[in-house]
Amino acid sequence: MSLISEQLKTGIKSREEISERIESESIQADEEEIRTTAQLIKEISQELSERFSGDREPDEHEVRALIQKKCGSLELSFEEQKRIEKNVLMTALGNGPIEPLLHDESVTEIIVQSYDSVLVERAGILEDTDIRFNNEEHLMTIINRIVQKVGRQINLSNPIVDARLEDGSRVNAIIPPASPDGPELVIRKFSKKALTGNDYISLGSMSREMLYFLNRCVTGKISIFISGSTGTGKTTLLNMLSSFIPPYESIITIEDTCELRLQQPRVRRREVREVKSANMMEVDQQALVKAALRQRPDRIILGETRDGSIVDLISAMSTGHDGSMSTIHANSPKDMVNVRIPILYSKNKDVNFTERAINMQIASAIKLVCQIKRFGSDRKIDRISEIAGIDEGNGKVIIKDIFRYEPAKNAFCATGYIPQEIVAALKDRGIDMDLKIFQKPQSQNAGSIQTEQAGSVTSGKASATAKEKMDDRSLEGRFDAHVKSRKKATDDLERITGRIRESNKKFMSESLLDEPGEIFQDILSESK
């Protein structure tokens, strides 16, 4: 009896080990397994349709139980049964062979180039995988399942579709004839845990001074555009900055596919809808922005500005919806205001503004541009710039950098420019700004003075005189005087700033960053 019992235990243990191994590894089905899987799916579909016959849809538990029963009755080894069961389950209920990748938190993007070529992005680097679909028909089945879950269609008439998974991951699929080599699928995943401002600091994506500045600007309703190229993390940054919006404000978000995950209680979400028939109303970004203006939000957050809705958004930013935010595809703040926004203006057929008129609207509405870039596998805030008005001479938008990332030093640095208009607007709303964060590091000041002086000491008779006037002690004295003068001006400005209103003061005490005197004590001690 003990021998039989031992054999049973060994058999159970062996089966458990096989089940765990097959569950954890990627299954590459051979031709026979592919045929068996297809036949089982056909039989299961037929049996389910006969069993429920329109009364209701079978739930996942019922489908899974039937699949396990059918696979267990196959005249195959236990390992072969479990392999086929996994293939059937992933095809019938999941997302096929890419299902494990969707649960792998280290994977940020999945690129299905063809049914037999799947790439993934980990830590900003693309990697090959050994994952394969059975054939193009198998890949098409998964694509159809994904898009149908969100009410979209993909077919010969509509060969390109944008959709999202239940967890918010963004999906783009393209099939023949638009992709002549076969169907393709790209899934951009979103972390289950939203990045915080402190995460950006620990990842080296921005400095503490930059985060402090952006925190104050978002709370104080400064209108912001986040600019960057594809895959730089614009939406993720927008999501993080949105967390600084006070909870008592009413917010409307507008997106092609809902990706933002705001935690405030007063958030209303809007999503673009595709036109599927002549009787359907077109619901594009422009229509949603216009509708939002009639629904009394404190702020409008547009996931990405990509069409003529830019006209209505900029109008909203300058007529009572301060603090609205959006992202845009552009390589720099200059490229954004001089190229991208004018192109988007041209897509709105209801308006026809001159270049100067467009620039005046930009300068009136947008106060801050946050440029994000990829540096290898890293994403960093390349610069934070103020839209400082219009040049009266040429009518161009004036852009002033406040903070910059310097790749050669791998450091974030203040430029020394103080955005007085933003500081004044925050002061009017009862929000203090520690102006010391705008100071250049002392080594930068000294370097600029030395550069200016070196440029003035040129060849000729003046060089000898210049050397006498600018010896080491004189240079140090001038620099000390410069620092003292700057400190005095900063102290004067600090003395005239108002106290924070009680409501904002309460919000600030609960937000990510505390008062500047506490959170920046170490930074300010270094600058001294």
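The coordinates are above.
Everything in this summary refers to the structure shown in the same document.

Analysis parameters
- Residue positions are counted from 1 within each chain, in the order its sequence is given.
- Restriction of local features to residues with pLDDT of at least 70 applies here, the model being predicted, together with a cutoff of 80 or more for giving and counting side-chain atom pairs; totals for whole chains, interfaces and linings are based on all residues.
- With hydrogens and water set aside, each side-chain value is computed from the structure's full complement of heavy atoms.
- In DSSP terms, a helix is any run of H or I states spanning at least four residues, a strand is any run of E spanning at least two, and both are numbered starting from the N terminus.
- Burial classes follow relative accessibility: with a 1.4 Å probe on protein chains only, a residue under 20% of its type's maximum area counts as buried, one over 50% as exposed, and anything between as partly exposed.
- Here, Shrake-Rupley sampling with a 1.4 Å probe gives the accessible areas, and only protein chains in the shown set may cover a residue.
- Criterion used throughout: strands pair if DSSP finds at least two bridges between them.
- Note on geometry: axes are lines fitted to C-alpha atoms, helical ones only across the stretch in contact, with angles between N-to-C directions running from 0 to 180 degrees.
- Between two residues, a contact is recorded if the distance between any of their heavy atoms is within 4.5 Å.
- A helix is expected to span 1.5 Å for every residue after the first.
- Salt bridges are defined as contacts in which a side-chain nitrogen from Lys or Arg sits within 4 Å of a carboxyl oxygen from Asp or Glu.
- Surface patches are defined over residues having more than 30% relative accessible area and no salt bridge, joining like charges when they lie within 9 Å and nonpolar side chains (Val, Leu, Ile, Met, Phe, Trp, Tyr) when within 5 Å.
- The convention is simple: Lys and Arg are positive, Asp and Glu are negative, and His and the chain ends are not counted.
- Charge positions are represented by NZ for Lys, CZ for Arg, CG for Asp and CD for Glu.
- An angle below 35 degrees is read as roughly parallel, one above 145 as roughly antiparallel, one from 65 to 115 as roughly perpendicular, and any other as oblique.
- Amino acid classes used here: Ala, Val, Leu, Ile, Met, Phe, Trp, Tyr, Cys and Pro are nonpolar; Asp, Glu, Lys and Arg are charged; the rest, including Gly, are polar.

Next up on the list: the overall build of the chain. Regarding its fold elements, the chain presents 20 helices and 15 strands. Per-residue burial over the chain gives 44% buried out of 528 residues. Counting only carbon and sulfur atoms, one obtains 50% of the accessible surface of the chain, whose full area is about 27,700 Å².

Our next topic: the sheet that holds strand β3 (residues 125-128). Across the sheet, six strands lie side by side as β3-β2-β1-β6-β5-β4; this open sheet has antiparallel pairing. Two strands in the sheet have a free side with no partner beyond their single neighbour: β3 and β4 (160-164). The average angle at which neighbouring strand axes cross in this sheet is 15 degrees, direction not considered. Bridge count for β4 against strand β5 (residues 170-174) is five bridges, and the pairing is antiparallel. Bridge pairing links Asp-162 to Asn-172 in β5. Of the strands in this sheet, β1 (107-114), β4, β5 and β6 (184-188) are in contact with helix α6 (residues 136-149), which crosses β6 at around 45 degrees.

What follows covers helix α8 (residues 208-219). For α8, which comprises 12 residues, the first-to-last C-alpha distance of 16 Å matches the rise-based estimate of 16 Å (1.5 Å per residue) to within 8%. Across the 12 residues that make up α8, a large majority, 10, are buried. Count one or two residues on from α8 and you reach Lys-221, which has phi positive near 65 degrees.

Proximity of charged atoms lets side chains of opposite charge pair with each other. Considering all chains together, one arrives at 20 salt bridges under this definition. For Arg-306, the salt bridge identified is with Glu-304, shortest N-O distance 2.8 Å. A salt bridge links Lys-367 to Glu-421, with the shortest nitrogen-to-oxygen separation between them at 3.5 Å. Of this pair, Lys-367 sits in the loop between α13 (355-365) and β12 (368-375) while Glu-421 sits in helix α14 (residues 420-428), and the two are 54 residues apart along the sequence. Accessibility expressed as a relative area gives 47% for Glu-421, which makes it partly exposed.

Residues Asp-116, Glu-136, Asp-181 and Glu-184 make up a contiguous surface patch of negative charge. Relative to the assigned elements, Glu-136 resides in helix α6. Owing to a relative accessible area of 37%, Glu-136 belongs among the partly exposed residues under this scheme.

On to the pairing of strand β13 (residues 378-390), then. With eight bridges joining them, β12 and β13 adopt antiparallel strand pairing. In the sheet register, Ile-372 faces β13, and the bridge partner there is Ile-381. Counted along the chain from β12 to the antiparallel partner β13, the turn is two residues long, and its residue Gly-376 has a positive phi close to 70 degrees. As judged from the six bridges shared by β13 and strand β14 (residues 397-406), these two strands associate in the antiparallel manner. From the neighbouring strand, Ile-387 faces β14, where its bridge partner is Ile-399. Linking two consecutive strands that pair antiparallel, namely β13 and β14, is a turn of six residues; a positive phi of about 75 degrees is found at Gly-395 within it.

A few words on the packing of helix α12 (residues 333-346) against α13. Here α12 crosses α13 at 105 degrees, and the two axes come no closer than 11 Å. Compared by their axis directions, α12 and α13 come out roughly perpendicular. Where α12 abuts α13, its residues Val-337, Ile-341 and Tyr-345 lie against Ile-358, Asn-359, Gln-361 and Ile-362. Within the contact of α12 with α13, the residues separate by chemical class into five nonpolar, two polar and no charged.

Attention now goes to the environment of Met-433. Position of Met-433 relative to the elements: it lies in the loop between α14 and α15 (442-456). When its relative accessible area of 6% is taken as the criterion, Met-433 is described as buried. Spatially, the C-alpha atoms of Met-433 and Val-423 are 6.6 Å apart, while their sequence positions differ by 10 residues. Other than its neighbours up to four places away in sequence, Met-433 contacts Tyr-212, Phe-213, Arg-216, Val-423, Leu-426 and Phe-438.

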